[in-house]
Amino acid sequence: MSRPWSLFDDHLRLAVRLTPNGGRDALDGIEVDGKGEAFLKARVTSVPEKGKANKALILLITKSLRIPKSSISLVSGETARKKILRIDGDPEDLLKKLEMFLG
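Residues numbered from 1 in each chain as written. Predicted model: local features only at pLDDT ≥ 70, side-chain atom pairs only at ≥ 80, totals over all residues. Heavy atoms only, no water.

Novice: Hey, could you run me through helix H2 (residues 91–102) in this one?
Specialist: Residues separated by three or four positions in an α-helix point in the same direction, a consequence of the helix having 3.6 residues per turn. Look at H2: 16 Å from first C-alpha to last across twelve residues, which is about the 16 Å you get at 1.5 Å a residue. Every buried residue of H2 is accounted for by Pro91, Leu94, Leu95 and Leu98. The buried side chains of H2 occupy one side of the element, clustering within an arc of 100 degrees when seen end-on. Turned more than 90 degrees off the buried face of H2, the exposed positions are Lys96 and Met100. In this structure, the buried residues of H2 make contact with strand E1 (5–7), strand E2 (11–19), helix H1 (52–65) and strand E6 (82–88). (Helix = DSSP H or I, 4+ residues; strand = E, 2+ residues; numbered from the N terminus. Expected span 1.5 Å × (residues − 1). Buried < 20%, exposed > 50% of the residue type's maximum accessible area, 1.4 Å probe, protein only. Arc of directions from axis to C-beta. Contact = heavy atoms within 4.5 Å.)

Listed below in structure tokens is the structure:
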């Protein structure tokens, strides 16, 4: 199964499929699209205007992985559902936190 992350020397990149206005804030596991690309499914209660949903996504991931908000940045997908996040830090440590959270 493909994974929604890529490891680099000093960070991890995470592919996310975000559902704004989703009724609750939650990470809903991994999904593979028709092209075989994997994404972490996330939903937030925030609306997709003026970056509110993106900010809510970053906050959700920081709380879930217990990492500082300053370590996450949006690489691509500012106005799209599919996004790439850069999470700065030890990639192996970040991966362990992510895998523990996802079970």
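Novice: I would appreciate a short explanation of the nonpolar core in the present structure.
Specialist: Judged by nonpolar contacts, the single largest core of 23 residues is most densely connected at Leu12, Leu14, Val16, Leu57, Ile61, Ile72 and Ile87. Taken together, the elements giving at least two residues each to this core come down to E2, strand E4 (38–43), H1, E6 and H2. With seven residues, the top contributor of residues to this core is H1. In this structure Leu57 touches Val16, Leu18, Ala42, Val44, Lys83 and Leu85, once residues within four positions along its chain are discounted. (Core = buried A, V, L, I, M, F, W, Y, C linked by side-chain atoms within 4.5 Å.)

Novice: Help me out: how do you make sense of the pattern of salt bridges in this one?
Specialist: Between side chains of opposite charge, a pair can form as their charged atoms come close. Here the structure, examined in full by the defined rule, presents seven salt bridges. For Lys82, the salt bridge is made with Asp33, and the minimal N-O distance between the two is 2.9 Å. Remark: Asp33 occurs in the loop between strand E3 (26–32) and E4 and Lys82 occurs in strand E6; sequence separation between them is 49 residues. A relative accessible area of 19% places Asp33 in the buried class. The network of salt bridges with common partners includes Asp10, Arg86 and Asp88. (Salt bridge = Lys/Arg side-chain N within 4 Å of Asp/Glu carboxyl O.)

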